[in-house]
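Topology and contacts: notes
So you can see what is in the structure, the chains are spelled out below.
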Amino acid sequence: MKKDFFSFGYLILLSVTFLIISFLVYLTRGQNSKLLGHKLRLGALIIALTATISCSPSQPRCYEQVAVNHFEIKSSRETPSTPVIETDKDKNIKGAINGPTVDTFSYLIYDWNKKVIQSGDIKPSDGKFNSAYEKFEIELKDVLPSGLYSIHFFPVSEKDRKDDMKSYMVVEFRALKSNEPDPSTITCYIVLPPDNKDVKEPPLQPRFQHLCYSPVGIMPTIVLSKTDPSLTSQEFKQGENNVIKGEIRDVRGEDFSFRIEDRNSKLIQNGPIKPSDGKWDGKTEDYEIQLSNKLSPGEYAIYMFEVPEKEQDKDLSHFLNSYIIKIVE
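Atomic detail in the predicted coordinates should be set aside for any region of low pLDDT. This prediction gives the chain a mean pLDDT of 79; 76% of its residues lie at or above 70. Note on residues 187–192: pLDDT is under 50 here. Beyond four places in sequence and across chains, it has eleven contacts.

Here you go:
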């Protein structure tokens, strides 16, 4: 009982402090980043403490942490990873905010080259930020080319946002046309000839990928083709000087490698991935992979890692991207 009394007193003190800081934020028109940070942290503490008080004494862990100012993007497809926006069908990006603690938000949309594509304010669908779960829509001014994008969210309006202000949260999404496959998912199927004879081997399905953590920032993306980032497979002729010319986006660190396996998961070729210009000095880097001329006709899986080649065997499932290579006669 005594513990609950002090908890309620602490909650009242936090609430009064939150109101004072909210008033100061209003007076400064949201231009003081320190005050905004204090307001967000106090809001999170108040929500967490309220949830704690509501639990019974016999169950001190009867709640899950409540999300505060957490942004979600609705995917056009059922996908377990990055949300997909089908640009030939969806003209808007639909999303929601869990637990908004302020009533003004804005956004910036970046492409894989860190170029700003679109900017603006976020307006709730019902016109007011007055509930714990607010839906919103962002109207796309132009059709986005297929590729990977990121939305940076800010707890201030667009006009009050400073150029050096850090985003509160970043959400990745992939823009694709409705007939384009998602590079992160590959469907395995069997093709039967019209006479049901000589059943062909099913297309190769790369190994399942899993990550045991949720990254805070944007993970690097290694695309198979710089000229067409939506490609999930490439075809090469046997015996020729075959080179993969791709691109690494959102580069972090300098340790990247590749691994090529056959249908039986046997290692065929691996090695480091290095920038074409020899320097890791950009957020986006071109790369080239020289394929072995010993590759026989067939399908191979190529895995892109964010570790040196000697570290690949420690956990083969923690690769960044996987694609299909076809060698034809």
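Turning our attention to the sheet that holds strand β6 (residues 133–139). Strands sit in the order β1-β3-β6 across an open sheet of three strands; the sheet is antiparallel. Each edge of the sheet is formed by a strand with only one pairing partner; in this case those strands are β1 (70–73) and β6. Shown here is a sheet whose adjacent strand axes are inclined to one another by a mean of 25 degrees, direction ignored.

Let us now look at unusual backbone geometry. With the exception of glycine, the majority of residues adopt a negative phi angle, and the majority of peptide bonds are in the trans configuration. Non-glycine residue D250 carries a positive phi angle of around 55 degrees. Tracing the chain through its elements places D250 in the loop between β11 (243–249) and β12 (257–261). Among the residues examined, D250 registers a relative accessible area of 10% and is labelled buried. Non-glycine residue S265 carries a positive phi angle of around 60 degrees. Relative to the assigned elements, S265 resides in the loop between β12 and β13 (267–272).

Let's shift gears to the pattern of salt bridges. Across all of its chains, the model carries eleven salt bridges by this definition. The partner of E261 in a salt bridge is R259, with the nearest N and O atoms 2.8 Å apart. Across the pair, exposure class does not vary: E261 and R259 are buried alike. Where R259 meets D313, a salt bridge forms, and the shortest distance between an N and an O atom there is 3.1 Å. Pair noted here: R259 is in strand β12 and D313 is in the loop between β15 (298–305) and β16 (321–328), with a separation of 54 residues, a long-range link. Judged by its relative accessible area of 6%, R259 falls in the buried class. Through salt bridges with shared partners, one network takes in R77, E86 and K89.

A surface patch of nonpolar side chains, about 730 Å² in accessible area, is lined by I12, V16, I20, F23, L24, Y26 and L27. By the element assignment, V16 lies in helix α1 (residues 2–27). For V16, a relative accessible area of 43% corresponds to the partly exposed category.

Here we take up the environment of L231. Mapped onto the fold, L231 is located in the loop between β9 (221–223) and β10 (233–237). Considered as a pair, L231 and E180 are 51 residues apart in the sequence and their alpha carbons are 9.1 Å apart. Excluding residues within four positions of it along the chain, L231 makes contact with L224, S225 and Y323.

Two orientations exist for strands paired in a sheet by backbone hydrogen bonds: parallel and antiparallel. Strand order in the open sheet formed by three strands is β9-β11-β14, and the pairing between neighbours is antiparallel. Sheet topology places β9 and β14 (285–290) at the edges, where each strand pairs with a single neighbour. The mean inter-strand angle of the sheet, taken between neighbouring strand axes irrespective of direction, is 30 degrees. Pairing of β11 with β14, which is carried by six bridges, proceeds in the antiparallel orientation. Each bridged residue has a counterpart across the sheet, and for K245 the counterpart in β14 is E288.

Conventions and cut-offs
Residues numbered from 1 in each chain as written. Predicted model: local features only at pLDDT ≥ 70, side-chain atom pairs only at ≥ 80, totals over all residues. Heavy atoms only, no water. pLDDT = per-residue confidence, 0-100. Contact = heavy atoms within 4.5 Å. Pairing = 2+ DSSP bridges. Helix = DSSP H or I, 4+ residues; strand = E, 2+ residues; numbered from the N terminus. Axes fitted to C-alpha atoms, helices over the stretch in contact; angles between N-to-C directions. Buried < 20%, exposed > 50% of the residue type's maximum accessible area, 1.4 Å probe, protein only. Salt bridge = Lys/Arg side-chain N within 4 Å of Asp/Glu carboxyl O. Patch = residues over 30% accessible without salt bridge, like charges linked within 9 Å, V, L, I, M, F, W, Y side chains within 5 Å. Areas by Shrake-Rupley, 256 points an atom, 1.4 Å probe, with all protein chains shown as cover.

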